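Topology and contacts: notes
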Amino acid sequence: MYDLVLKGGRVVDPASDLDGVLDVAIENGLIARVAAAIAPAETARVIEVGGAIVTPGLIDLHAHVFEGVNRTGVNPDLGGVYSGVTTIVDAGSAGAATFGGWRHILPHCHTEIIPFLHICQTGLATLPDIIAESSINLADTVKVATQHPDLIRGIKARMVSPALEIMGMEMPKLAKRAAREAGIKLMVHIGDTEKRYDPKVIHPLLALLEPGDILTHYFTPNPGGVLDGNGKLVPEAREAADRGVWFDTAHGRMNFSFDVGRRIIDQGLLPHCISTDLTVPGRQMTVHSMTEMMTRFLGLGFTLPQVVTMSTANPARAIGAEQRLGRLAVGRQADVSVLDLEDGAWVVYDILGAPLRVDRAFAPRLTVKKGRVFTPDFGPRPWGWWPDRAITGGCC
Ligand SMILES: [Zn+2]
């Protein structure tokens, strides 16, 4: 007897080669069966999800949920299971000196949180993060990371001023060293939001990244992005992708441009992962939700299977959790997202205010985390989850 069957949805799980109307059976927190027409008599509970898209649990590879410690940290479940997301990588909200704050947060959330540790010892508690060489304590960073091997999967570094002005490439090199000594990966934020440092820093930075490392803010319009002055991808970007560096688009309030994205897409080096870089103000104004990130990529011309892969299987692989997460295969953790995908006329905006008309949009309908069912929150906008309505005959 199954605990739960999600019945009649369109299962889209490219990693399992599934796309069709199928039922998903869950037992003891694991996926027990994916098949057509599982009999109601075989399960304790049925939830009808006809008309919805059923995907592996969404993984947000870059968000900020250090709630109560950092002022802009979103409540983990608000950005997680109440937004259709089952796993969140917290991208360096905490550093070695503040990491202990997680023990007051993690036991109380249903969403799985995987914290990356900031190379700045106070993390993002105050901005700017690195204000002197003493902002980094390499020994402490390695110690905290190695003390929590099951939790911390990466080190985070931000290629911004004043850190770069003070330390130059020494800063990401120290972060790489910490990651190497702790046996975990490096995630690097590109795009100098202060616009003060030499954009050519992208060349040695990309050369520093090893297979499995993650570059985040791939579509940033800020100096230090992957496009040169002529709009061409720097050669190191393709070399990095070829050797297995992950490219993630993390939207955020300052690092996502449709124009940059289109130029990159036109040159054929597609991102692997899409994520929010969610913060409290970002949720209200610019970023909104993981499902909206998926909407944006449909609007940029990606197919539904591509968008699902970039939100499930690829981030699972990027964090080394592909044996457990990112697929609806029997025996995997029962993390499932049930999404509405509606036709309509909407417009979404990047951080520069550039509009993109979209005629399909996602919203979360139901989230299943380790077999437990959560109903999403009302949504980040006054009217819920959907983007702004497009005005007929309007601009874009
Ligand atoms: Zn971030």
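These figures come from a predicted structure and were not determined experimentally. (Residues numbered from 1 in each chain as written. Predicted model: local features only at pLDDT ≥ 70, side-chain atom pairs only at ≥ 80, totals over all residues. Heavy atoms only, no water.)

The subject of this paragraph is the overall build of the protein. Helix and strand counts for the protein stand at 11 helices and 16 strands. Taking 2.2 N^0.38 as the reference for a compact globule, 396 residues should give roughly 21 Å; the C-alpha atoms of the protein span a radius of gyration of 20 Å, in line with that estimate. If one aligns the C-alpha atoms of the protein with their principal axes, the spans along those axes are about 65 × 55 × 40 Å. Per-residue burial over the protein gives 61% buried out of 396 residues. Of the contacts formed within the protein by residues at least 6 apart in sequence, a portion of 75% connects residues at least 24 apart. Surface exposure of the protein reaches about 15000 Å², of which carbon and sulfur atoms provide 50%. (Helix = DSSP H or I, 4+ residues; strand = E, 2+ residues; numbered from the N terminus. Rg over C-alpha atoms; globule rule 2.2 N^0.38 Å. Buried < 20%, exposed > 50% of the residue type's maximum accessible area, 1.4 Å probe, protein only. Contact = heavy atoms within 4.5 Å. Areas by Shrake-Rupley, 256 points an atom, 1.4 Å probe, with all protein chains shown as cover.)

This part covers the coordination of the zinc ion. For the zinc ion, the full set of protein donor atoms is H62 (NE2), H64 (NE2) and D277 (OD), and the range of their distances to it is 2.0 to 2.3 Å. Taken in chain order, the donor set of the zinc ion reads H-x1-H-x212-D. Both residues of the pair, H62 and H64, count as buried. (Donors = N, O, S within 2.8 Å, 3.2 Å for Na, K, Ca; no water.)

Here we come to the layout of surface pockets. If you add up the space inside the largest pocket, you get close to 530 Å³. What lines the largest pocket is a set of 27 residues, among which L124, L127, R158, R253 and M254 lie closest to the centre. Put simply, the second largest pocket is a space of about 270 Å³. Along the walls of the second largest pocket sit 19 residues, with P199, G225, L227, D228 and G229 positioned nearest its centre. Of all the elements in the fold, those that place two or more residues in the lining of the second largest pocket are helix 5 (202-208) and helix 7 (258-266). In the lining of the second largest pocket, the residues fall into seven nonpolar, seven polar and five charged. (1 Å grid on protein atoms, 1.4 Å probe; cavity = no way out; pocket = protein on both sides within 12 Å on 5 of 7 lines; lining within 4 Å. Points joined across faces, edges and corners; volume = space filled by probe spheres on them. Nonpolar A, V, L, I, M, F, W, Y, C, P; charged D, E, K, R; others polar.)

For the rest of this paragraph, the subject is the pairing of strand 5 (residues 53-56). Relative to strand 5, strand 1 (residues 4-13) runs parallel, the two being bridged by two bridges. When the bridges of strand 5 are listed, R10 appears paired with I53. Where strand 5 meets strand 13 (residues 336-349), four bridges bridge the pair, whose relative direction is antiparallel. Bridging across to strand 13, I53 finds its partner in L339. (Pairing = 2+ DSSP bridges.)

Tallied over the full model, the rule gives 19 salt bridges. Here R10 ties to D19 by a salt bridge, and the two come within 2.8 Å at their closest N and O atoms. With relative accessibility at 33%, the residue R10 sits in the partly exposed group. The class of D19 is partly exposed, set by a relative accessible area of 45%. Across the pair D213 and K176 runs a salt bridge, and its minimum N-O distance is 2.7 Å. Of this pair, D213 sits in the loop between helix 5 and strand 11 (214-216) while K176 is found in helix 4 (residues 170-182), placing the two residues 37 residues apart along the sequence. (Salt bridge = Lys/Arg side-chain N within 4 Å of Asp/Glu carboxyl O.)

In terms of domain boundaries, the protein breaks down into domain 1 (4-55 + 329-389) and domain 2 (58-318). Centre-to-centre, using C-alpha coordinates, domain 1 lies 25 Å away from domain 2. Facing the 40 residues of domain 1 at the interface are 40 residues of domain 2. Around 3100 Å² of area is buried between domain 1 and domain 2 when both sides are counted, 67% of it from carbon and sulfur atoms. When the buried area of domain 1 at its contact with domain 2 is split by residue, I351, L356 and F362 rank highest and sum to 21% of it. Here domain 1 is connected to domain 2 by three salt bridges. Applying the counting criterion to the domain 1 and domain 2 interface returns 15 residue pairs in polar contact (both at pLDDT 80 or more). (Domains from an automatic or database assignment. Buried area = accessible area lost by both parts, 1.4 Å probe. Polar contact = N/O pair within 3.5 Å; in protein donor to acceptor, adjacent residues only side chain to side chain.)

What follows is about the side chain of T86. Looking at where T86 falls in the secondary structure, it is placed in strand 7 (residues 85-95). If near-sequence neighbours (up to four positions away) are discounted, T86 is found in contact with G57, L58, T111, E112, D335, V336, S337, T367, V368 and K369.

In this fold, S83 is placed in the loop between helix 1 (76-79) and strand 7. Its relative accessible area of 4% is what places S83 among the buried residues. Separated by 2.4 Å, the side chain of S83 and the backbone oxygen of L78 make a polar contact. Leave out the neighbours within four places in its chain, and S83 touches D77, L78, R283, T291, P364 and W385.

Relative to strand 14 (residues 355-369), strand 13 runs antiparallel, the two sharing 12 bridges. Bridge assignment links L339 to a residue of strand 14, and that residue is P364. Connecting strand 13 to the antiparallel partner strand 14 that follows it, the hairpin turn spans five residues, and G353 within it adopts a positive phi of roughly 85 degrees. Relative to strand 16 (residues 388-389), strand 13 runs antiparallel, the two being bridged by two bridges. Across the sheet, the residue bridging to V347 is D388, located in strand 16.

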